[in-house]
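For reference, the chains in residue letters:
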Amino acid sequence: MLVDGYDFEAYKSAGFVSFPDQDKELVKAAGKTLKAPDLGFSGWKNYFFNVMKISPVPKDMKFGEIPEGVLRLGGTFVISGNDILYRWSDRVPGDHPDIKEVLNIAEEASEKKNDLFSSLESMFSK
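Per chain, the residues get numbers from 1 upward, laid out in the order the sequence is written. Local features are withheld for residues below a pLDDT of 70 in this predicted model, meaning they are given only at 70 or higher, and side-chain atom pairs are given and counted only at 80 or more; totals for whole chains, interfaces and linings count all residues. Hydrogen atoms and water are omitted, and side-chain values are computed over all heavy atoms in the structure.

**What to know about a nonpolar patch on the surface**
- Two distance rules govern patches: like charges are joined within 9 Å, and nonpolar side chains (Val, Leu, Ile, Met, Phe, Trp, Tyr) within 5 Å, applied only to residues with over 30% relative accessible area and no salt bridge. The Shrake-Rupley method, run with a 1.4 Å probe, gives the accessible areas here. Residue values count only the displayed protein chains as cover. One side-chain nitrogen of Lys or Arg within 4 Å of one carboxyl oxygen of Asp or Glu is enough to make a salt bridge. Residues Leu 39, Tyr 47 and Phe 48 make up a contiguous nonpolar surface patch of roughly 300 Å² in combined accessible area.
- Strands here are runs of E lasting at least two residues and helices are runs of H or I lasting at least four, both read from the DSSP assignment and numbered beginning at the N terminus. Among the secondary structure elements, Tyr 47 is positioned in helix α3 (residues 40-54).
- Throughout, exposure labels follow a simple rule: accessible area from a 1.4 Å probe, protein chains only, divided by the maximum for the residue type, with under 20% read as buried, over 50% as exposed, and the rest as partly exposed. We classify Tyr 47 as partly exposed; its relative accessible area is 42%.

**Considerations on helix α2 (residues 24-33)**
- Of all ten residues in α2, one are buried, a share of ten percent or less.
- Capping the start of α2, Asp 23 holds a side-chain oxygen 2.8 Å from the backbone nitrogen of Glu 25, two or three residues further along. By the criterion applied in these results, polar contacts are pairs of N or O atoms within 3.5 Å in which, for protein atoms, one can donate a hydrogen and the other can accept it, and in which residues neighboring in sequence qualify only through two side-chain atoms.

**Notes on the side chain of Asp 95**
- Take Asp 95: it is sitting in the loop between β2 (83-89) and α5 (99-124).
- Not counting chain neighbours up to four residues away, the residues in contact with Asp 95 comprise Leu 34, Trp 88 and Asp 90. The contact rule is simple, with two residues in contact once any of their heavy atoms fall within 4.5 Å.

**Some points on the side chain of Arg 72**
- Within the secondary structure layout, Arg 72 lies in the loop between α4 (68-71) and β1 (75-80).
- Relative accessible area serves as the criterion here: at 15%, Arg 72 is assigned to the buried category.
- Residues contacting Arg 72, with those up to four places away along its chain left out, are Phe 8, Tyr 11, Lys 12, Phe 16, Val 17 and Ser 18.

**Some words on the confidence of the model for the protein**
- Averaged over every residue, the pLDDT of the protein is 80; residues scoring 70 or more account for 84%.
- Here pLDDT means the predictor's own confidence in every residue, given as a number from 0 to 100. The weakest mean pLDDT in the protein belongs to α4 at 76; the strongest belongs to β2 at 91.

Structure follows, in structure tokens:
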């Protein structure tokens, strides 16, 4: 998790937006497929307490205001060296990419990197 300060410049640079600024059509589309997890009462209680603990809250925040950090949507990247192999921007809170797809892309990149190092190693060990 990255919190770059209360100006959220890193988030903005990555193309992430605040939930109220999200495209309304994307929100509608995401809402059709999202379901709340079955956490039960104590699971939801723990979830909300944890959110409160880890949410970046500015010192000048007034009671009843929602911290900008809570409204920020994040995303997922797969990076190899200087190359972005995969990028996903959450459409709504709780949205996420297909985890299997992300892992497959990361594993494929790792295998290619290992193949390259093995080839280089064999060239120089002769």
